[in-house]
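Chain residues, written in single-letter form:
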Amino acid sequence: MAFSNIDSANLPLGLILQIAFSDGIRNQISTDFRDFEYVKKAKVGGSLPRELRFMFQTSLGAAAIQYANPGEGASRLFPSAQQVKIAENTAKMKELQATIELEYNLFDRARKSPERYGQPLEIEINSKMSAAKRRVAADLYGDGTGVTGTVSSATALSPNAVGGQTVVTLSSANNARGHVGFFEYYDIIVAKTAAGANSATATTSVFEVVDKDRTANTVTLKLISGTVNVPSAAELLYRKGQADVTGGIFDLTNIGSTDYGDLTPVMVGLETLTANDGRKIHGITMSGPTGGSRYNAGGNPLDVKHIQKLLDQVKLAVGQDRYRWKGLLMAPESHASLIESRETDRRFQTIEDNKRGVKYFAYQHGNDTLECVTSEYVPQNRIYCMPETKAGEKVLEFHGSDFETVKGQDMSDFHLKVGANGYTNAMVSYLLSTGVFICQHPRSIGVIENFVNT
């Protein structure tokens, strides 16, 4: 006999029984934005300008220091002068926007009876704030192009039709843009060629992210509009909202001398701010004294010696005592690879802080103790070695504002939504933040790249 519930067809008087609702909503998505807290710590106060100007000194005038022959007498000449090199750089502010929407009848009840109906409004506001902070946290490690991932291959799980799903394996090459950590569940994605054109196969297709697997380095995309659900190898995946914005996609095969700060509206993060390949950011050519300190592991398994060699390189470049290096930012997979080294290498130490109630392990290099910090947004083939000045100032600076609501003429946070034929039965609120990342001294930030985790 099949199971039958209490309902009008089986036990009519059972309808008198109440239906109970358990308290709360069980969120199934991570709302972790620890990296956003790192951004807040790097925030520099001040007004919100149109752009930010700052200056770099790139030489000491070393050619003006020369030896002389003491026996030449009166004919001896002082060396030719060489002035120091100073350049003014410009960082342009970027905007991050968010929209909150709620049907008017729910909004009205939430306003009048917050003890019962406030939850829909609370969930929407809190979720949008978490999503916005996670976006900034992800872009902290991006290159400014806004690419979420590079397609290595794609396999259709169902025929080409709306609702069809495809598993996309992302490229893990050292020069691949984006990675699996940049994708959010149910974000809307489109595929473009590296030149910025529509996908060769999925020309008008729009996808949503329904699953992601860090171990397999894959994302599962569901076709929500269009006819083809398989993007081609080497194509790039972007968030559709970015692709719809004017200037949101750039021909990445023809960057040339174009400044990465001008490519898209997306904030430029550590991948470009610490580059050493000649690209430009904020007017700075990222090579020589203004390039980042990068150690290429050559595609080998991550090893503790890579950290040692990187820090040796960094301190030789900027000086032993100018900074204090306190953090190694890495993916959880990289952290796991180093656990075995912790057991055999005395340079790894377990740190217990009874006051803060934390326990972690750190790498000791000279007088510097670097805490190993994990983040889902750090690519699995990158480790960032972060310094700060002796006064505690961050080398990476965030100039910008916190998220604030865009108020109407009556200073209200919510407004009636405007439709094609007038106002709709919905209330909307808008959040806005403005900001830009700059790096005081790219050479002082060390980056280990091109390794694999075992």
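Residues numbered from 1 in each chain as written. Predicted model: local features only at pLDDT ≥ 70, side-chain atom pairs only at ≥ 80, totals over all residues. Heavy atoms only, no water.

Peer 1: For this particular structure, what's the right way to read the packing of aromatic side chains?
Peer 2: Think of a pair of aromatic rings as described by two things: how far the centres are apart, and how the planes are tilted against each other in angle. This model, assessed by the stated rule, comprises three aromatic pairs. Where Tyr-141 meets Tyr-384, the ring centres are 5.9 Å apart and the plane angle is 40°; that geometry is what we call tilted. Placement of the pair is Tyr-141 in the loop between helix H3 (114-139) and strand E5 (147-156) and Tyr-384 in strand E18 (residues 382-389), with a sequence separation of 243 residues. Tyr-384 shares its class with Tyr-141; the two are buried. Considering the side-chain rings of Phe-398 and Phe-437, the 5.4 Å spacing of their centres and the 55° angle between planes classify their relative orientation as tilted. Here Phe-398, found in strand E19 (residues 396-400), pairs with Phe-437, found in strand E22 (residues 422-439); they are 39 residues apart in sequence, far enough to count as distant. Its relative accessible area of 1% is what places Phe-437 among the buried residues. (Phe/Tyr/Trp six-rings, centres within 6.5 Å; stacked < 30°, edge-to-face > 60°. Helix = DSSP H or I, 4+ residues; strand = E, 2+ residues; numbered from the N terminus. Buried < 20%, exposed > 50% of the residue type's maximum accessible area, 1.4 Å probe, protein only.)

Peer 1: What is the right way to look at the sheet that holds strand E10 (residues 236-239) in this model?
Peer 2: The strands that make up a sheet are held in pairs by hydrogen bonds between backbone atoms, and each pair lies either parallel or antiparallel. Within the closed barrel, the six strands sit side by side as E5-E6-E9-E8-E7-E10. Their pairing is antiparallel. The sheet shows a mean angle of 50° between the axes of neighbouring strands, taken without regard to direction. Pairing of E5 with E10 involves three bridges; the strand directions are antiparallel. Opposite Val-147, over in E10, you have Tyr-238 as the bridge partner. (Pairing = 2+ DSSP bridges. Axes fitted to C-alpha atoms, helices over the stretch in contact; angles between N-to-C directions.)

Peer 1: Explain unusual backbone geometry here, please?
Peer 2: If a residue is not glycine, its phi is most likely negative; likewise, a peptide bond is most likely trans. In this structure, Asn-217 takes a positive phi of about 60° despite not being glycine. With respect to the secondary-structure elements, Asn-217 resides in the loop between strand E8 (206-213) and strand E9 (218-225). In this model, Ala-234 sits at a positive phi of 75°, which is unusual for a non-glycine residue. Mapped onto the elements, Ala-234 comes out in the loop between E9 and E10.

Peer 1: Help me out: how do you make sense of the environment of Val-245 in this one?
Peer 2: Here Val-245 lies in the loop between helix H4 (240-243) and helix H5 (270-273). Note on Val-245: relative accessible area 41%, which makes it partly exposed. Once the C-alpha coordinates of Val-245 and Pro-265 are considered, the two residues, 20 residues apart in sequence, prove to be 8.4 Å apart.

Peer 1: Would you mind going over the pattern of salt bridges with me for this structure?
Peer 2: Pairing between side chains of opposite charge can happen when the charged atoms of each approach one another. In this structure the tally under the stated criterion is 22 salt bridges. Between Arg-53 and Glu-51 there is a salt bridge, and its shortest N-O distance comes to 2.8 Å. Overall, the relative accessible area of 47% leaves Arg-53 in the partly exposed class. A salt bridge links Arg-382 to Glu-271, with the shortest nitrogen-to-oxygen separation between them at 3.0 Å. With Arg-382 in strand E18 and Glu-271 in helix H5, this residue pair connects regions lying 111 residues apart in the sequence. The burial state of Arg-382 is the same as that of Glu-271; both residues are buried. Shared partners join several salt bridges into a network, and the residues in it are Glu-271, Arg-294, Arg-382 and Glu-449. (Salt bridge = Lys/Arg side-chain N within 4 Å of Asp/Glu carboxyl O.)

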